[in-house]
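Residue-level structure breakdown
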Amino acid sequence: MQIDARIQANVTALHERIAHSCRAAGRDPADVDILLATKQVPADRIATAVRTGIRLIGENKVQELAEKDAGLAGLDCTRHFIGHLQSNKVNQVLRHVSCIQSIDSVDLADRLQRRLDTLDQTIDVLVQVNTSAEDSKFGVTADGAADLIREVARRDRLRLRGLMTIGLPSDDPELARPSYRSLRAIRDDVRHSTGGELRLDVLSMGMSHDLDIAIAEGATMVRVGTAVFGTRQA
Ligand SMILES: *Cc1c(COP(=O)(O)O)cnc(C)c1O
């Protein structure tokens, strides 16, 4: 199959899979957004997927954001940053994205706030929580999440939309379920303890191999790379 045809077939299969998972969970597929995770994917292939109607793109590296700018020009899509954001890359990332899903420290929130003040702009953000307690992974610890969420919410240039996590990486997708359940529990606790003032509607969780479980646990956004674009180079 041609690459374009394969991407289109993968997108169709993905929609069916999400619809199936939503039915099983008693949810409406319209409540689950798909974000294309496009690290290492060239712009022309991303464009093929965007033309099927998927509008959200997530990049992990600031450099790839810039490189793919021209190839995505004119397409109806929105870009998010989903990788670890180093403080010295804040200015660059703000040029390309409308949402940063990886806020993991007060320091990063402060840098963004200051820069956005200068630009007189705002941006959507998610707080990234490390729900699997793996040392290698970024994100605020589950214990520190509530404090960071409240700090971020106080910064008026950051529009806090919700939470993001990366599930425990494993061959058995079922092992990611506790991660996803705990992200939702953190959200529910904060929502409750703020009397609903902090809604945190977005739960960005679930990837190609475990999105069904994330949907069962309440994901409102799944981030999908491999299932649309095929296996990446290691
Ligand atoms: C790569 C990546 C994904 C998608 O992973 P796949 O297994 O290819 O679907 C999702 N989220 C983040 C943060 C990623 O880096």
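All of these numbers come straight from a predicted model, not from anything done at the bench.

Quick word on the overall build of the protein chain
Per the secondary structure count, the protein chain includes 10 helices and nine strands. The globule rule puts the C-alpha radius of gyration for 234 residues at 17 Å, and the 17 Å found for the protein chain is close to it. If one aligns the C-alpha atoms of the protein chain with their principal axes, the spans along those axes are about 50 × 40 × 30 Å. Every one of the 234 residues in the protein chain was classed for burial, and the buried ones make up 47%. Of all intrachain contacts in the protein chain linking residues separated by at least 6 positions in sequence, the fraction that spans at least 24 positions is 58%. Total accessible area on the protein chain is roughly 11300 Å²; 46% of this is exposed by carbon and sulfur atoms. Averaged over its 31 positive side-chain charges, the protein chain has a centre that lies 3 Å from the centre of its 33 negative ones.

Notes on the pairing of strand β4 (residues 99-103)
Of all the five residues making up β4, five are buried; the element is thus mostly covered by neighbouring parts of the structure. The pairing of strand β3 (residues 78-81) with β4 spans two bridges and is classified as parallel. Considered in β4, the bridge of His-80 is made with Cys-99. Bridge count for β4 against strand β5 (residues 123-130) is three bridges, and the pairing is parallel. Counted as the bridge partner of Cys-99 is Asp-124 from β5. In this region the chain leaves β4, passes through helix α6 (residues 106-119) and returns to the parallel neighbour β5; the handedness of that crossover is right-handed.

Describing the site of the ligand
In the vicinity of the ligand, the contacting residues are Ala-37, Lys-39, Asn-60, Ile-82, Ile-166, Met-207, Ser-208, Arg-223, Val-224, Gly-225, Thr-226 and Arg-232. Contacts to the ligand include Arg-223, whose side-chain N or O atom sits 2.9 Å from a nitrogen atom. Contact between the ligand and Thr-226: an oxygen atom at 2.5 Å from a side-chain N or O atom of the residue. Taken atom by atom, the bulk of the ligand overlaps the largest pocket. Its residues assigned to classes, the shell around the ligand shows five nonpolar, four polar and three charged.

Brief notes about helix α8 (residues 177-193)
Under the 1.5 Å per step criterion, the end-to-end length of α8 is 24 Å for 17 residues, consistent within 8% with the ideal 24 Å. Buried within α8 we find Ser-179, Tyr-180, Leu-183, Ile-186, Arg-187 and Val-190. Mapping the buried residues of α8 onto a view down its axis gives an arc of 120°, with all of them on the same face. Along α8, the residues that are exposed and aim more than 90 degrees away from the buried face are Pro-178, Asp-189 and His-192.

Definitions and cut-offs
- Residues numbered from 1 in each chain as written.
- Predicted model: local features only at pLDDT ≥ 70, side-chain atom pairs only at ≥ 80, totals over all residues.
- Heavy atoms only, no water.
- Helix = DSSP H or I, 4+ residues; strand = E, 2+ residues; numbered from the N terminus.
- Rg over C-alpha atoms; globule rule 2.2 N^0.38 Å.
- Buried < 20%, exposed > 50% of the residue type's maximum accessible area, 1.4 Å probe, protein only.
- Contact = heavy atoms within 4.5 Å.
- Areas by Shrake-Rupley, 256 points an atom, 1.4 Å probe, with all protein chains shown as cover.
- Lys, Arg positive; Asp, Glu negative; His and termini not counted.
- Charge placed at Lys NZ, Arg CZ, Asp CG, Glu CD.
- Pairing = 2+ DSSP bridges.
- Right-handed = clockwise from strand over helix to strand, strands pointing away.
- Near = heavy atom within 4 Å.
- Polar contact = N/O pair within 3.5 Å; in protein donor to acceptor, adjacent residues only side chain to side chain.
- 1 Å grid on protein atoms, 1.4 Å probe; cavity = no way out; pocket = protein on both sides within 12 Å on 5 of 7 lines; lining within 4 Å.
- Sits in = over half its atoms within 2 Å of the grid points.
- Nonpolar A, V, L, I, M, F, W, Y, C, P; charged D, E, K, R; others polar.
- Expected span 1.5 Å × (residues − 1).
- Arc of directions from axis to C-beta.

Spatial relationships are all this shows, so hold off on functional conclusions.
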